[in-house]
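# Geometric and topological summary
These are the residues of each chain, in order.
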Amino acid sequence: MKFLLDHDVPDDLSYLLKQLGHDVKMLREVLPRDSPDAAILDYAHQGGFFLVTCNRDDFLQLAETQPHRGIIIVIRRRTRAAERAALFHLLNRAGDAGLRDNINFA
């Protein structure tokens, strides 16, 4: 699977996804830091990426009007290990079919 990680997502999650064999792009590698959320979601959709973000409110609203491959909203936890575990469990439960065209929380 292909993932695009928003600026607010901890790098630890990119390491996990890469270890699991996924294609991971960091937003800072492909778009300017001041890119609007609509442009980010469009880039992810056009590139076939699942967008991983902590920016819940803005992307939930955008997803109502803009097409997307799928969005994973990371819930901030006390530790990075807990965030990695939540994402790992989501990927195991949902797989590609469960993530595609849906909004999931990790």
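In this text, all values refer to a predicted model and were calculated from it rather than measured experimentally.

With that settled, the discussion passes to the nonpolar core. Of all hydrophobic cores here, the largest spans 18 residues; its most connected members are Phe-3, Leu-5, Ile-72 and Leu-87. Broken down by secondary-structure element, the contributors of at least two residues to this core are strand 1 (2–5), helix 1 (11–19), strand 2 (23–26), strand 3 (50–53) and helix 5 (80–99). Top element by residues in this core is helix 5. It accounts for 4 residues. Every residue in contact with Leu-87, bar those within four places of it in the chain, is listed here: Leu-13, Leu-16, Leu-17, Ile-72 and Ala-106.

So, about the side chain of Asn-104. By secondary structure assignment, the location of Asn-104 is in strand 5 (residues 103–105). Within the structure, the side chain of Asn-104 is placed 3.3 Å from the backbone oxygen of Gly-98, a separation counted as a polar contact. Ignoring sequence-local partners within four residues, the contact set of Asn-104 consists of Ile-71, Ile-72, Ile-73, Leu-90, Gly-98 and Leu-99.

All right, on to the packing of helix 3 (residues 37–47) against helix 4 (residues 56–63) then. As a packed pair, helix 3 and helix 4 sit with axes 10 Å apart at the nearest point and diverge in direction by 65°. Between helix 3 and helix 4 lies a crossing whose hand is right-handed. In this structure, helix 3 uses Asp-37, Ala-38, Ile-40 and Leu-41 to contact helix 4, whose residues at the interface are Asp-58, Phe-59, Leu-62 and Ala-63.

Quick notes on the rules
Residues numbered from 1 in each chain as written. Predicted model: local features only at pLDDT ≥ 70, side-chain atom pairs only at ≥ 80, totals over all residues. Heavy atoms only, no water. Core = buried A, V, L, I, M, F, W, Y, C linked by side-chain atoms within 4.5 Å. Buried < 20%, exposed > 50% of the residue type's maximum accessible area, 1.4 Å probe, protein only. Helix = DSSP H or I, 4+ residues; strand = E, 2+ residues; numbered from the N terminus. Contact = heavy atoms within 4.5 Å. Polar contact = N/O pair within 3.5 Å; in protein donor to acceptor, adjacent residues only side chain to side chain. Axes fitted to C-alpha atoms, helices over the stretch in contact; angles between N-to-C directions. Left-handed = near helix turned anticlockwise from the far one by under 90°.

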